[in-house]
Amino acid sequence: MTPDLIIGLIVLTLLLVLEGTMPFYLGREQRLRHGLRNGTLAALNGAISALLAPLLIGAMAFAEQHGIGLLHWLSLDGSLFDGWPFPELLATLLTLALAVLLFDLWMYAWHRANHEIPFLWRFHQVHHTDPAMDATTALRFHPGELLISSLLNPLVVLALGMGLTQLVLYKSVMLAIILFHHSNLRVPSRWEARLRWLIVPPSMHRVHHSRIPRETNSNYGTVFSFWDRLFGSFRWRPDLQQIVFGTGHHDEPAWQSLPRLLRLPLAPTRTPTQYTEQEATLGAANHV
């Protein structure tokens, strides 16, 4: 088992316990059934990732062998910190920070594309049709989406020149944070406000899972929250208790079985950018 999966399992277990004692949304029913459904999708996606892992490892090895990628071209070494204590260590840490930052920028762009490109939304909507958010929602993705991203990630790694240590660190941090910001955990508002300046906390991501299009099409950040401010996609609302989760389409109980979720990309659909505000508002009102 890889380090990121070990960290993910530890964080998931901790959050599931805390969600039971410190929930933000009360009255949650069928938590076990909900978690098993999302966990089954996670298992399918884990198998896909394992099968395609050689592509990712091969891309990193090729980049290292041939000096390909932005991080290799920058050639950050100890000479950059001449006169500083531990110059080689500082250069390594700077390269690591750049790798994490740039891969997270790719994740922001990929997430946004999944909302704006109709073909990608067909798969990504499975994540958004979850009518209740908790830590297991972070694992709810259609295998088709995982397959596409798993085929694109080696190209991104090659372009950046990322190494295995850098990628494992990013994946470990990413998994912990997405489990956290999908969780139904009540976090003190003062902590939320401080976290929001750097990383994506639950309050920010709850807005993203709203069925109102202008809110669904916001807060795309995976780890760092400042991408949304930089690219104009940040949105905030104080009445988080009033958010209705889902898309307003295909998130009814009849669509929550695993076979129907797997077939969902075949159903007629539109991206959140193609729904009018009136349609979304009416759908949310009917759902309450």
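Residues numbered from 1 in each chain as written. Predicted model: local features only at pLDDT ≥ 70, side-chain atom pairs only at ≥ 80, totals over all residues. Heavy atoms only, no water.

There is a patch of nonpolar side chains on the surface, built from Met1, Leu5, Ile6, Leu9 and Ile10 and spanning about 530 Å² of accessible area. Mapped onto the elements of the fold, Met1 is located in the segment before helix H1 (3-21). (Patch = residues over 30% accessible without salt bridge, like charges linked within 9 Å, V, L, I, M, F, W, Y side chains within 5 Å. Areas by Shrake-Rupley, 256 points an atom, 1.4 Å probe, with all protein chains shown as cover. Salt bridge = Lys/Arg side-chain N within 4 Å of Asp/Glu carboxyl O. Helix = DSSP H or I, 4+ residues; strand = E, 2+ residues; numbered from the N terminus.)

Mapped onto the secondary structure, Leu71 falls in helix H3 (residues 70-74). As a C-alpha pair, Leu71 and Val168 span 97 residues in sequence and 16 Å in three-dimensional space. Setting aside residues no more than four positions away along its own chain, Leu71 makes contact with Thr95, Leu98, Ala99, Leu160, Gly161, Met162 and Gln166. (Contact = heavy atoms within 4.5 Å.)

Along the chain, Asn184 turns up in the loop between helix H7 (164-182) and helix H8 (189-195). Those residues in contact with Asn184, other than ones at most four positions away along the chain, are Glu19, Met22, Pro23, Phe24, Tyr25, Arg28, Met133, Asp134, Ala135 and Arg206.

Right, let's talk about H1 for a bit. For H1, built from 19 residues, the straight-helix expectation of 27 Å at 1.5 Å per residue is met to within 8% by its first-to-last C-alpha distance of 28 Å. Among the residues of H1, those classed as buried are Asp4, Gly8, Leu12, Leu15 and Glu19. Seen along its axis, H1 keeps its buried residues to an arc of 75°; they face one direction. Residues of H1 that are exposed and point more than 90 degrees away from the buried face comprise Ile10, Leu14, Val17 and Thr21. Those residues of H1 hidden inside the fold are in contact with helix H2 (31-66) and H7. (Expected span 1.5 Å × (residues − 1). Buried < 20%, exposed > 50% of the residue type's maximum accessible area, 1.4 Å probe, protein only. Arc of directions from axis to C-beta.)

The topology assignment puts Phe62 in helix H2. Aside from chain neighbours lying at most four places away, what touches Phe62 is Ile68 and Leu158.

A few words now on the nonpolar core. One finds Phe103, Val157, Met162, Leu167, Tyr170 and Leu179 to be the most contacted residues of the largest nonpolar core, which totals 32 residues. Residue assignment for this core shows that the elements contributing at least two residues are H1, H2, helix H4 (87-116), helix H6 (143-160) and H7. For Leu179, the residues in contact, after removing those within four places along its chain, are Gly8, Val11, Leu12, Leu15, Ala135, Ala138 and Leu139. (Core = buried A, V, L, I, M, F, W, Y, C linked by side-chain atoms within 4.5 Å.)

All right, on to the side chain of His115 then. Within the secondary structure, His115 is located in helix H4. Of note is the side chain of His115, whose polar atom sits 3.4 Å from the side chain of His111. (Polar contact = N/O pair within 3.5 Å; in protein donor to acceptor, adjacent residues only side chain to side chain.)

Summed over the entire model, instances satisfying the criterion amount to ten aromatic pairs. Both rings, one in Tyr108 and one in Tyr220, keep their centres 5.9 Å apart while their planes meet at 85°; by these two values the pair is edge-to-face. With Tyr108 in helix H4 and Tyr220 in the loop between helix H10 (213-216) and helix H11 (226-230), this residue pair connects regions lying 112 residues apart in the sequence. Tyr220 gets classed as buried once you look at its relative accessible area, which sits at 1%. When the centroid spacing of 5.1 Å and the interplanar angle of 15° are considered together, the rings of Phe224 and Phe226 count as stacked. On the basis of relative accessibility, which here comes to 26%, the residue Phe226 falls in the partly exposed class. Ring pairs connect the aromatic residues Tyr108, Tyr220, Phe224, Phe226, Trp227 and Phe231, which therefore count as one cluster. Positioned above the aromatic ring of Trp236 is the side chain of Arg196, whose terminal nitrogen or guanidinium carbon lies 4.2 Å from the ring centre. A cation over a ring is seen here: Arg229 above Phe234, with NZ or CZ 4.7 Å from the ring centre. (Phe/Tyr/Trp six-rings, centres within 6.5 Å; stacked < 30°, edge-to-face > 60°. Lys NZ or Arg CZ within 6 Å of the ring centre and 35° of its normal.)

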